[in-house]
Amino acid sequence: MADDKERGGTEIAVAEYHKKIKEAFEVFDHEANNTVDVREIGTIIRSLGCCPSEGELHDLIAEVEEEEPTGYIRFEKFLPVMTEVLLERRYRPSPEDTLLRAFEVLDPSKRGFLTKEELIKYMTEEGEPFSQEEMEEMLSAAIDPESNSIYYKDYIAMMVVDDS
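Remember, it's a predicted structure, so these values are computed and weren't measured experimentally.

## Section: a negative patch on the surface
At step 1: Judged by side-chain charge, Glu56, Asp59, Glu63 and Glu128 come together as a negatively charged surface patch.
At step 2: Relative to the elements of secondary structure, Glu56 occurs in helix α3 (residues 54-64).
At step 3: The exposure class assigned to Glu56 is partly exposed, which follows from its relative accessible area of 32%.

## Topic: the packing of aromatic side chains
In this description, an aromatic ring pair is defined by two values, namely the gap between the centres and the angle between the planes.
At step 1: Within the structure shown, the criterion is met by five aromatic pairs.
At step 2: Taking 5.1 Å as the distance between ring centres and 65° as the angle between the ring planes, the aromatic pair formed by Phe25 and Phe75 counts as edge-to-face. Within this pair, whereas Phe25 is found in helix α1 (residues 2-28), its partner Phe75 is found in helix α4 (residues 75-87), the two being separated by 50 residues in sequence. Judged on exposure class, the residue Phe25 and its partner Phe75 are both buried.
At step 3: Ring geometry for Phe25 against Phe78: centres 5.6 Å apart, planes inclined by 35°, an arrangement best described as tilted. Taken as a pair, Phe25 in helix α1 and Phe78 in helix α4 lie far apart in primary sequence, 53 residues in all. Residues Phe25 and Phe78 agree in their burial class; the two are buried.
At step 4: Taken together through their ring pairs, the aromatic side chains of Phe25, Phe75 and Phe78 make up a single cluster.
At step 5: We note Arg111 situated over the ring of Phe113; from NZ or CZ to the ring centre the distance is 4.6 Å.

## As for the UniProt feature "domain: EF-hand" (unreviewed entry) in the chain
At step 1: Following the UniProt record, one finds the feature "domain: EF-hand" (unreviewed entry) at residues 16-51 and 94-129.
At step 2: Spanning residues 16-51, this segment combines 56% helix with 8% strand, and its end C-alpha atoms are found 20 Å apart.
At step 3: Secondary structure content for residues 94-129 is 58% helix and 8% strand, while the C-alpha to C-alpha distance between its ends is 18 Å.

## A short note on the domain arrangement of the chain
At step 1: The assigned domain composition of the chain is domain 1 (1-88) and domain 2 (96-159).
At step 2: Taking only C-alpha atoms, the centre of domain 1 and the centre of domain 2 are 30 Å apart.

## Section: the side chain of Thr83
At step 1: Along the chain, Thr83 turns up in helix α4.
At step 2: With relative accessibility at 7%, the residue Thr83 sits in the buried group.
At step 3: Ignoring sequence-local partners within four residues, the contact set of Thr83 consists of Val14, His18 and Ile21.

The rules we used
- Each chain has its residues counted from 1, running along the sequence as written.
- Given that this is a predicted model, residues contribute local features only at a pLDDT of at least 70 and side-chain atom pairs are listed and counted only at 80 or more, while totals for whole chains, interfaces and linings are drawn from all residues.
- Excluded from the side-chain calculations are hydrogens and water; all other atoms, namely the structure's heavy atoms, are used.
- Surface patches are defined over residues having more than 30% relative accessible area and no salt bridge, joining like charges when they lie within 9 Å and nonpolar side chains (Val, Leu, Ile, Met, Phe, Trp, Tyr) when within 5 Å.
- All accessible areas in this document rest on Shrake-Rupley with a 1.4 Å probe, and a residue is counted as covered only by the protein chains that are shown.
- The term salt bridge refers to a pairing of a side-chain nitrogen on Lys or Arg with a carboxyl oxygen on Asp or Glu at a separation within 4 Å.
- Charge assignment: positive for Lys and Arg, negative for Asp and Glu; neither His nor the chain ends contribute.
- Taken as the charge centre is NZ of Lys, CZ of Arg, CG of Asp or CD of Glu, depending on the residue.
- Helix and strand definitions follow DSSP, with helices as H or I runs of at least four residues and strands as E runs of at least two, each counted in order from the N terminus.
- Exposure categories follow from relative accessible area, calculated using a 1.4 Å probe and restricted to protein chains: below 20% of the type maximum is buried, above 50% is exposed, and the middle band is partly exposed.
- Stacked, tilted and edge-to-face are the three classes applied to pairs of Phe, Tyr and Trp rings, where Trp contributes its six-membered ring and a pair requires centres within 6.5 Å; stacked means planes under 30 degrees apart, edge-to-face means over 60, and tilted covers the rest.
- Only when the NZ of Lys or the CZ of Arg is both within 6 Å of the ring centre and within 35 degrees of the ring normal is a charge said to sit over the ring.
- UniProt positions are given in the numbering used here, feature names are shortened, and annotations may be inferred rather than shown by experiment.
- What marks off one domain from the next here is an automatic or database domain assignment.
- Pairs of residues are marked as contacts when any of their non-hydrogen atoms sit within 4.5 Å.

Take a look at the structure:
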């Protein structure tokens, strides 16, 4: 009996995910032919609340691409892979406290902010470096124009996804 109830809940979740995935995909299906440019896949995935790294995104694209890549992704191939990602809750955004600790490591004097120059240095020279486009996108949202700094508690509050 419990299995039937659980299965019913999963089927409802799958139907709900299919609807969300289709809606997100259709925004970028400019030809209305059930395909999108491969370069839009990251945006689609992020719009569904997932935050894969660049490496994870490349793996996901490889999974949904045709044998002979065409530069386009078909909805029929994207739907089952993305449904599985959502059901498994993969690529979840980092929790607020983790993000705060990460910023605090970069701010040893606990000022509560990083300068634009510091942020660019950390984001382009350390770990998995941001591309120029990613850096510009982050700066446009993160930097306080008056002080030319990022007040990271405010930025984190803006970034965190409400999971409820």
